[in-house]
Amino acid sequence: MRTGTTPPSRRKALCAIAAILGSAPWIAHADTAWPGKPITFVIPGAAGGSTDIPARFLALKLGERLGQPIVVDNKPGAGGSLGSGFVARAQPDGYTVLVGNSGSNAINYTAYKKLSYKPTDFVALTDMISFANVLVVPVKSPIKTLPQLIDTARKEPGKLAFSSAGVGQTTHLMGELFKQRTGTDVVHVVYKGSAPGTMAVVSGETQFMFDNMTASLAHIKDGKLRPLAVTGATREPELPDVPTMTELGMSDFNKVGWMGFFLPAKTPPEIVKKLTDNLIAVLQSPEVQKRYRELGGRPGGMSQAQFNKMVNDDQKSWGELITSQHLQLD
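Predicted, not measured: the structure shown is a model, and the values here were computed from it.

Caption draft 1: Geometry of the pairing of strand 9 (residues 225-230). Burial of strand 9 is extensive: five of the six residues sit out of reach of the surface. With five bridges connecting them, strand 5 (residues 133-138) and strand 9 associate as antiparallel partners. The partner of Pro-138 across the bridge, within strand 9, is Leu-225.

Dropping the structure here:
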(Lines give C-alpha, C1' and ligand atoms only; values in the text may rest on other atoms or scores of the structure.)
Protein backbone atom coordinates (compact mmCIF):
# COMPACT_ATOMS: atom_id res chain seq x y z
CA MET A 1 0.00 0.00 0.00
CA ARG A 2 1.34 3.44 -0.85
CA THR A 3 2.02 5.88 1.99
CA GLY A 4 -0.72 8.50 2.37
CA THR A 5 -3.48 6.32 0.93
CA THR A 6 -6.41 5.53 3.25
CA PRO A 7 -8.42 2.36 2.69
CA PRO A 8 -12.17 2.89 1.91
CA SER A 9 -13.26 1.15 5.13
CA ARG A 10 -11.05 3.40 7.23
CA ARG A 11 -12.24 6.52 5.40
CA LYS A 12 -15.84 5.61 6.28
CA ALA A 13 -14.90 5.14 9.93
CA LEU A 14 -13.10 8.47 10.06
CA CYS A 15 -16.05 10.25 8.46
CA ALA A 16 -18.40 8.76 11.05
CA ILE A 17 -16.12 9.87 13.89
CA ALA A 18 -15.84 13.36 12.39
CA ALA A 19 -19.61 13.64 12.18
CA ILE A 20 -19.97 12.70 15.83
CA LEU A 21 -17.24 15.07 16.94
CA GLY A 22 -18.70 17.82 14.79
CA SER A 23 -21.97 17.64 16.67
CA ALA A 24 -20.40 17.20 20.09
CA PRO A 25 -19.53 20.85 20.78
CA TRP A 26 -23.18 21.89 20.22
CA ILE A 27 -24.38 19.13 22.53
CA ALA A 28 -21.79 19.89 25.20
CA HIS A 29 -22.34 23.63 25.09
CA ALA A 30 -26.07 23.75 24.34
CA ASP A 31 -26.74 25.35 27.71
CA THR A 32 -24.23 28.19 27.27
CA ALA A 33 -24.82 28.71 23.54
CA TRP A 34 -28.59 29.12 23.83
CA PRO A 35 -29.99 31.56 22.93
CA GLY A 36 -27.81 32.55 20.02
CA LYS A 37 -30.58 33.95 17.81
CA PRO A 38 -34.15 35.32 18.09
CA ILE A 39 -36.77 33.15 19.78
CA THR A 40 -40.32 32.81 18.45
CA PHE A 41 -43.41 32.76 20.66
CA VAL A 42 -46.19 30.99 18.76
CA ILE A 43 -49.59 32.16 19.97
CA PRO A 44 -52.53 29.96 18.89
CA GLY A 45 -54.89 32.93 18.88
CA ALA A 46 -55.53 36.22 17.14
CA ALA A 47 -53.46 39.38 17.61
CA GLY A 48 -54.87 41.57 20.36
CA GLY A 49 -56.58 38.65 22.07
CA SER A 50 -56.42 37.45 25.66
CA THR A 51 -53.32 35.32 25.06
CA ASP A 52 -51.64 37.85 22.81
CA ILE A 53 -51.66 40.90 25.10
CA PRO A 54 -49.85 39.41 28.14
CA ALA A 55 -47.58 37.30 25.91
CA ARG A 56 -46.30 40.32 23.97
CA PHE A 57 -45.54 42.17 27.19
CA LEU A 58 -43.64 39.18 28.53
CA ALA A 59 -41.83 38.70 25.22
CA LEU A 60 -40.44 42.22 25.52
CA LYS A 61 -39.20 41.69 29.08
CA LEU A 62 -37.79 38.23 28.41
CA GLY A 63 -35.98 39.51 25.33
CA GLU A 64 -34.35 42.20 27.43
CA ARG A 65 -33.22 39.63 29.98
CA LEU A 66 -31.86 37.12 27.44
CA GLY A 67 -30.31 39.67 25.10
CA GLN A 68 -32.23 38.27 22.12
CA PRO A 69 -35.46 39.55 20.56
CA ILE A 70 -38.61 37.48 20.99
CA VAL A 71 -40.69 37.33 17.81
CA VAL A 72 -44.44 36.87 18.29
CA ASP A 73 -46.16 34.73 15.65
CA ASN A 74 -49.97 34.52 15.80
CA LYS A 75 -51.45 31.32 14.39
CA PRO A 76 -55.18 31.35 15.24
CA GLY A 77 -57.76 28.80 14.23
CA ALA A 78 -59.25 25.40 15.05
CA GLY A 79 -59.49 26.07 18.77
CA GLY A 80 -55.77 26.71 19.07
CA SER A 81 -54.79 23.45 17.38
CA LEU A 82 -53.14 25.07 14.34
CA GLY A 83 -50.53 26.91 16.37
CA SER A 84 -50.08 24.04 18.80
CA GLY A 85 -49.57 21.51 16.01
CA PHE A 86 -47.02 23.81 14.41
CA VAL A 87 -44.90 23.89 17.58
CA ALA A 88 -45.27 20.14 18.13
CA ARG A 89 -43.58 19.61 14.74
CA ALA A 90 -40.96 22.36 15.20
CA GLN A 91 -37.24 21.75 15.63
CA PRO A 92 -36.69 20.99 19.35
CA ASP A 93 -33.92 23.54 19.79
CA GLY A 94 -35.52 26.04 22.19
CA TYR A 95 -36.23 28.67 19.54
CA THR A 96 -39.92 27.88 18.95
CA VAL A 97 -42.07 28.24 22.06
CA LEU A 98 -45.80 27.64 22.36
CA VAL A 99 -47.81 30.07 24.46
CA GLY A 100 -50.50 27.48 25.06
CA ASN A 101 -53.66 27.69 27.11
CA SER A 102 -56.26 25.54 28.83
CA GLY A 103 -58.04 25.14 25.49
CA SER A 104 -55.12 24.13 23.29
CA ASN A 105 -53.29 22.05 25.91
CA ALA A 106 -56.05 20.57 28.08
CA ILE A 107 -59.54 20.78 26.57
CA ASN A 108 -58.69 19.86 22.99
CA TYR A 109 -57.46 16.36 23.81
CA THR A 110 -60.99 15.27 24.69
CA ALA A 111 -62.99 17.77 22.67
CA TYR A 112 -61.52 16.67 19.33
CA LYS A 113 -61.32 13.12 18.04
CA LYS A 114 -58.52 14.05 15.64
CA LEU A 115 -55.66 16.38 16.53
CA SER A 116 -52.30 16.93 14.88
CA TYR A 117 -50.60 16.72 18.28
CA LYS A 118 -50.83 14.88 21.61
CA PRO A 119 -49.83 15.68 25.21
CA THR A 120 -46.52 13.84 24.91
CA ASP A 121 -45.46 16.14 22.05
CA PHE A 122 -44.73 18.90 24.57
CA VAL A 123 -42.80 19.63 27.71
CA ALA A 124 -44.55 22.10 30.02
CA LEU A 125 -42.41 24.93 31.45
CA THR A 126 -44.42 27.34 33.62
CA ASP A 127 -47.72 29.21 33.66
CA MET A 128 -47.89 32.78 32.40
CA ILE A 129 -51.23 34.04 33.69
CA SER A 130 -54.58 32.67 34.86
CA PHE A 131 -57.93 34.37 34.72
CA ALA A 132 -61.62 33.94 35.27
CA ASN A 133 -64.18 34.14 32.52
CA VAL A 134 -66.62 36.99 32.93
CA LEU A 135 -70.17 36.84 31.59
CA VAL A 136 -70.69 40.12 29.74
CA VAL A 137 -73.43 41.76 27.68
CA PRO A 138 -73.32 45.01 25.65
CA VAL A 139 -73.75 48.03 27.87
CA LYS A 140 -76.84 49.02 25.85
CA SER A 141 -78.47 45.65 26.43
CA PRO A 142 -81.65 45.69 28.55
CA ILE A 143 -80.29 42.58 30.32
CA LYS A 144 -78.77 43.56 33.65
CA THR A 145 -78.59 40.30 35.61
CA LEU A 146 -77.98 36.60 35.05
CA PRO A 147 -81.63 35.70 35.83
CA GLN A 148 -82.75 38.23 33.20
CA LEU A 149 -80.41 36.65 30.64
CA ILE A 150 -81.82 33.20 31.37
CA ASP A 151 -85.41 34.46 31.25
CA THR A 152 -84.82 36.22 27.90
CA ALA A 153 -83.15 33.15 26.41
CA ARG A 154 -86.09 30.98 27.45
CA LYS A 155 -88.67 33.38 26.07
CA GLU A 156 -86.84 33.84 22.76
CA PRO A 157 -85.31 30.46 21.83
CA GLY A 158 -82.68 30.63 19.09
CA LYS A 159 -82.52 34.44 19.10
CA LEU A 160 -79.67 35.11 21.51
CA ALA A 161 -76.11 34.44 20.34
CA PHE A 162 -72.88 34.18 22.31
CA SER A 163 -69.33 34.76 21.07
CA SER A 164 -66.37 32.52 21.64
CA ALA A 165 -62.65 32.84 20.99
CA GLY A 166 -62.66 29.50 19.19
CA VAL A 167 -64.27 26.10 19.25
CA GLY A 168 -63.19 24.27 22.39
CA GLN A 169 -61.90 27.35 24.20
CA THR A 170 -63.22 28.12 27.69
CA THR A 171 -65.25 30.95 26.15
CA HIS A 172 -67.07 28.30 24.12
CA LEU A 173 -67.42 25.58 26.75
CA MET A 174 -68.80 27.98 29.35
CA GLY A 175 -71.48 28.97 26.83
CA GLU A 176 -72.27 25.31 26.19
CA LEU A 177 -72.51 24.72 29.94
CA PHE A 178 -74.88 27.67 30.19
CA LYS A 179 -77.12 26.02 27.60
CA GLN A 180 -77.01 22.72 29.46
CA ARG A 181 -77.61 24.14 32.92
CA THR A 182 -80.42 26.51 31.89
CA GLY A 183 -82.09 24.39 29.21
CA THR A 184 -81.99 27.30 26.78
CA ASP A 185 -81.53 27.47 23.02
CA VAL A 186 -78.78 30.01 22.31
CA VAL A 187 -76.56 30.20 19.24
CA HIS A 188 -72.79 29.80 19.35
CA VAL A 189 -70.87 32.19 17.07
CA VAL A 190 -67.20 31.29 16.81
CA TYR A 191 -64.48 33.85 16.13
CA LYS A 192 -60.77 33.46 15.41
CA GLY A 193 -59.53 34.64 18.75
CA SER A 194 -60.70 36.52 21.81
CA ALA A 195 -60.32 40.03 20.38
CA PRO A 196 -62.86 39.68 17.54
CA GLY A 197 -65.19 37.71 19.82
CA THR A 198 -65.10 40.46 22.42
CA MET A 199 -65.67 43.20 19.85
CA ALA A 200 -68.72 41.32 18.57
CA VAL A 201 -70.31 41.73 22.01
CA VAL A 202 -69.21 45.35 22.31
CA SER A 203 -70.88 46.14 18.96
CA GLY A 204 -74.00 44.12 19.74
CA GLU A 205 -73.35 41.60 16.96
CA THR A 206 -73.70 38.93 19.65
CA GLN A 207 -75.71 39.29 22.84
CA PHE A 208 -73.37 37.82 25.46
CA MET A 209 -70.06 36.07 26.05
CA PHE A 210 -68.18 34.24 28.79
CA ASP A 211 -65.16 36.34 27.94
CA ASN A 212 -61.62 36.12 29.27
CA MET A 213 -61.02 38.75 31.94
CA THR A 214 -57.85 39.86 30.20
CA ALA A 215 -59.80 40.66 27.03
CA SER A 216 -62.91 42.27 28.51
CA LEU A 217 -61.74 44.18 31.59
CA ALA A 218 -60.71 47.32 29.69
CA HIS A 219 -64.07 47.40 27.89
CA ILE A 220 -65.88 46.96 31.21
CA LYS A 221 -63.96 49.87 32.73
CA ASP A 222 -64.61 51.97 29.63
CA GLY A 223 -68.35 51.39 30.00
CA LYS A 224 -68.74 49.32 26.82
CA LEU A 225 -69.54 45.98 28.45
CA ARG A 226 -71.70 45.09 31.46
CA PRO A 227 -70.46 42.21 33.66
CA LEU A 228 -73.14 39.90 35.06
CA ALA A 229 -71.05 37.21 36.76
CA VAL A 230 -67.59 35.63 36.88
CA THR A 231 -66.45 32.02 36.86
CA GLY A 232 -64.06 30.67 39.45
CA ALA A 233 -64.35 29.91 43.14
CA THR A 234 -64.03 33.51 44.34
CA ARG A 235 -64.86 37.01 43.17
CA GLU A 236 -62.24 38.87 41.18
CA PRO A 237 -60.34 41.74 42.87
CA GLU A 238 -60.81 43.94 39.79
CA LEU A 239 -64.59 43.33 39.84
CA PRO A 240 -65.42 42.97 43.55
CA ASP A 241 -69.12 43.75 43.10
CA VAL A 242 -69.68 41.10 40.43
CA PRO A 243 -70.92 37.77 41.88
CA THR A 244 -69.61 34.37 40.88
CA MET A 245 -71.75 31.99 38.86
CA THR A 246 -71.68 29.65 41.87
CA GLU A 247 -73.10 32.38 44.12
CA LEU A 248 -75.97 32.70 41.65
CA GLY A 249 -76.75 29.00 41.85
CA MET A 250 -74.96 27.74 38.71
CA SER A 251 -72.87 24.60 39.19
CA ASP A 252 -69.63 23.61 37.40
CA PHE A 253 -68.64 27.23 36.73
CA ASN A 254 -65.77 27.32 39.25
CA LYS A 255 -63.07 26.80 36.62
CA VAL A 256 -60.55 29.37 35.43
CA GLY A 257 -58.48 29.58 32.29
CA TRP A 258 -54.70 29.73 32.12
CA MET A 259 -51.91 30.38 29.66
CA GLY A 260 -48.43 28.92 29.83
CA PHE A 261 -45.30 27.94 27.98
CA PHE A 262 -44.46 24.69 26.20
CA LEU A 263 -41.54 23.41 24.11
CA PRO A 264 -41.35 20.45 21.73
CA ALA A 265 -40.86 17.29 23.77
CA LYS A 266 -37.33 16.44 22.58
CA THR A 267 -35.82 19.81 23.48
CA PRO A 268 -32.53 19.28 25.40
CA PRO A 269 -33.09 19.38 29.19
CA GLU A 270 -30.49 22.10 29.70
CA ILE A 271 -32.36 24.43 27.33
CA VAL A 272 -35.69 23.56 28.97
CA LYS A 273 -34.25 24.48 32.37
CA LYS A 274 -32.61 27.69 31.19
CA LEU A 275 -35.75 28.97 29.48
CA THR A 276 -37.96 27.95 32.40
CA ASP A 277 -35.71 29.66 34.95
CA ASN A 278 -35.65 32.88 32.92
CA LEU A 279 -39.42 32.84 32.36
CA ILE A 280 -40.08 32.41 36.07
CA ALA A 281 -37.65 35.22 36.93
CA VAL A 282 -39.40 37.61 34.53
CA LEU A 283 -42.87 36.56 35.70
CA GLN A 284 -41.92 37.23 39.30
CA SER A 285 -40.71 40.76 38.55
CA PRO A 286 -42.86 43.52 40.11
CA GLU A 287 -43.39 45.15 36.71
CA VAL A 288 -44.89 42.05 35.12
CA GLN A 289 -46.93 41.20 38.21
CA LYS A 290 -48.43 44.70 38.28
CA ARG A 291 -49.25 44.67 34.58
CA TYR A 292 -50.93 41.27 34.71
CA ARG A 293 -53.11 42.32 37.64
CA GLU A 294 -54.12 45.41 35.68
CA LEU A 295 -55.22 43.07 32.88
CA GLY A 296 -57.48 41.24 35.31
CA GLY A 297 -55.28 38.17 35.60
CA ARG A 298 -53.29 36.39 38.24
CA PRO A 299 -49.55 36.30 37.44
CA GLY A 300 -47.94 32.90 36.89
CA GLY A 301 -44.44 31.63 37.48
CA MET A 302 -45.02 28.30 39.23
CA SER A 303 -42.37 25.59 39.13
CA GLN A 304 -42.19 23.23 36.20
CA ALA A 305 -43.49 20.36 38.36
CA GLN A 306 -46.44 22.41 39.62
CA PHE A 307 -47.37 23.58 36.14
CA ASN A 308 -47.12 20.10 34.72
CA LYS A 309 -49.48 18.83 37.43
CA MET A 310 -51.98 21.62 36.75
CA VAL A 311 -51.97 20.86 33.02
CA ASN A 312 -52.50 17.14 33.65
CA ASP A 313 -55.26 17.80 36.20
CA ASP A 314 -57.08 20.12 33.80
CA GLN A 315 -56.80 17.60 30.98
CA LYS A 316 -58.60 15.13 33.23
CA SER A 317 -61.26 17.44 34.72
CA TRP A 318 -62.16 19.18 31.46
CA GLY A 319 -62.17 15.79 29.75
CA GLU A 320 -64.64 14.40 32.27
CA LEU A 321 -66.88 17.44 31.87
CA ILE A 322 -66.82 17.32 28.07
CA THR A 323 -67.55 13.60 28.07
CA SER A 324 -70.40 13.89 30.57
CA GLN A 325 -72.03 16.70 28.59
CA HIS A 326 -71.44 15.06 25.19
CA LEU A 327 -69.67 18.17 23.91
CA GLN A 328 -67.63 16.56 21.13
CA LEU A 329 -66.46 19.38 18.86
CA ASP A 330 -65.65 17.58 15.62
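So, next bit.
Caption draft 2: Focus on the sheet that holds strand 9. An order of 8-5-9 is seen for the three strands of this open sheet, with the pairing classed as antiparallel. Edge positions in the sheet fall to strand 8 (209-212) and strand 9, since each of these pairs with one other strand and no more. Strand-to-strand, the axes of this sheet are offset by a mean angle of 45°, without reference to chain direction. Summarising the sheet, strand 5 and strand 8 pair through four bridges and their orientation is antiparallel. Its bridge partner being in strand 8, Asn-133 is matched across the sheet by Asn-212. In the packing of helix 7 (residues 170-182) onto the sheet, contacts are made with strand 5 and strand 8, and the angle to strand 8 comes to roughly 150°. Its contacts with the sheet put helix 8 (residues 194-203) on strand 5, strand 8 and strand 9, and the angle it makes with strand 8 is roughly 135°.

Caption draft 3: Summary view of the side chain of Asn-108. Note on placement: Asn-108 falls in helix 5 (residues 103-111). For Asn-108, a relative accessible area of 0% puts it in the buried group.

Caption draft 4: Layout of helix 6 (residues 146-155). Along helix 6, the residues classified as buried are Leu-146, Leu-149, Ile-150 and Ala-153. For helix 6, the angular spread of buried residues about the axis comes to 95°, placing them on one side. In helix 6, the exposed residues that point more than 90 degrees away from the buried face are Pro-147 and Lys-155. As for helix 6, its buried residues are in contact with strand 5, helix 7 and strand 9. The residue sitting at the N-terminus of helix 6 and contributing the capping side-chain oxygen is Thr-145; that oxygen lies 3.2 Å from the backbone nitrogen of Gln-148.

Caption draft 5: Highlighting the packing of helix 7 against helix 12 (residues 304-324). Close contact between helix 7 and helix 12 brings their axes to 12 Å; oriented N to C, the two are set at 40°. Looking at the two axes, helix 7 sits oblique to helix 12. You can see that helix 7 and helix 12 cross each other, and the crossing is left-handed. Contacts between helix 7 and helix 12 involve Thr-170, Leu-173, Met-174 and Leu-177 from the former and Trp-318, Leu-321 and Ile-322 from the latter. Grouping the amino acids of the contact of helix 7 with helix 12 by side-chain chemistry returns six nonpolar, one polar and no charged.

Caption draft 6: Representation of the packing of aromatic side chains. Taken as a whole, this structure holds 12 aromatic pairs when the rule is applied. Each ring, one from Phe-122 and one from Phe-262, has its centre 6.1 Å from the other, and the planes form 70°; the classification is edge-to-face. In this pair, Phe-122 is assigned in strand 4 (residues 122-131) and Phe-262 in strand 10 (residues 257-264), connecting sequence segments 140 residues apart. The class of Phe-122 is buried, set by a relative accessible area of 10%.

Caption draft 7: Just the nonpolar core, in detail. Of all hydrophobic cores here, the largest spans 43 residues; its most connected members are Phe-41, Leu-58, Met-128 and Phe-261. Residue contacts for Leu-58: discarding those within four places in its chain leaves Met-128, Phe-261, Leu-279, Val-282, Leu-283, Val-288 and Tyr-292.

Caption draft 8: Local environment of the environment of Leu-125. Along the chain, Leu-125 falls in strand 4. Between the C-alpha atom of Leu-125 and that of Glu-156, which follows or precedes it by 31 residues, the distance is 46 Å. When residues no more than four places from it in sequence are discounted, the contact partners of Leu-125 are Phe-261, Phe-262, Leu-263, Val-272, Leu-275, Thr-276, Leu-279, Met-302, Ser-303, Gln-304 and Phe-307.

Caption draft 9: Just the environment of Ile-43, in detail. Residue placement: Ile-43 occurs in strand 1 (residues 39-43). Since its relative accessible area comes to 0%, Ile-43 is described here as buried. The spacing of Ile-43 and Gln-328 is 285 residues in sequence and 24 Å in space, taken between C-alpha atoms. Among residues more than four places away in sequence, those in contact with Ile-43 are Thr-51, Asp-52, Ala-55, Val-72, Asp-73, Asn-74, Lys-75, Pro-76 and Val-99.

Caption draft 10: Focus on the sheet that holds strand 2 (residues 70-74). Strand order in the open sheet made by the six strands is 2-1-3-10-4-11, with mixed pairing throughout. The open sheet has two edge strands with one neighbour each: strand 2 and strand 11 (298-299). Across two bridges, the pairing between strand 4 and strand 11 is antiparallel. The residue bridging Ile-129 from the neighbouring strand is Pro-299, located in strand 11. Running at roughly 160° to strand 2, helix 3 (residues 52-66) makes contact with strand 1, strand 2, strand 3 (96-101), strand 4 and strand 10 of the sheet. Across the face of the sheet, helix 4 (residues 81-88) comes into contact with strand 1, strand 3, strand 4 and strand 10 while running at roughly 145° to strand 3.

Cut-offs used in this document
Residues numbered from 1 in each chain as written. Predicted model: local features only at pLDDT ≥ 70, side-chain atom pairs only at ≥ 80, totals over all residues. Heavy atoms only, no water. Buried < 20%, exposed > 50% of the residue type's maximum accessible area, 1.4 Å probe, protein only. Helix = DSSP H or I, 4+ residues; strand = E, 2+ residues; numbered from the N terminus. Pairing = 2+ DSSP bridges. Axes fitted to C-alpha atoms, helices over the stretch in contact; angles between N-to-C directions. Contact = heavy atoms within 4.5 Å. Arc of directions from axis to C-beta. Polar contact = N/O pair within 3.5 Å; in protein donor to acceptor, adjacent residues only side chain to side chain. Parallel < 35°, antiparallel > 145°, perpendicular 65-115°, else oblique. Left-handed = near helix turned anticlockwise from the far one by under 90°. Nonpolar A, V, L, I, M, F, W, Y, C, P; charged D, E, K, R; others polar. Phe/Tyr/Trp six-rings, centres within 6.5 Å; stacked < 30°, edge-to-face > 60°. Core = buried A, V, L, I, M, F, W, Y, C linked by side-chain atoms within 4.5 Å.

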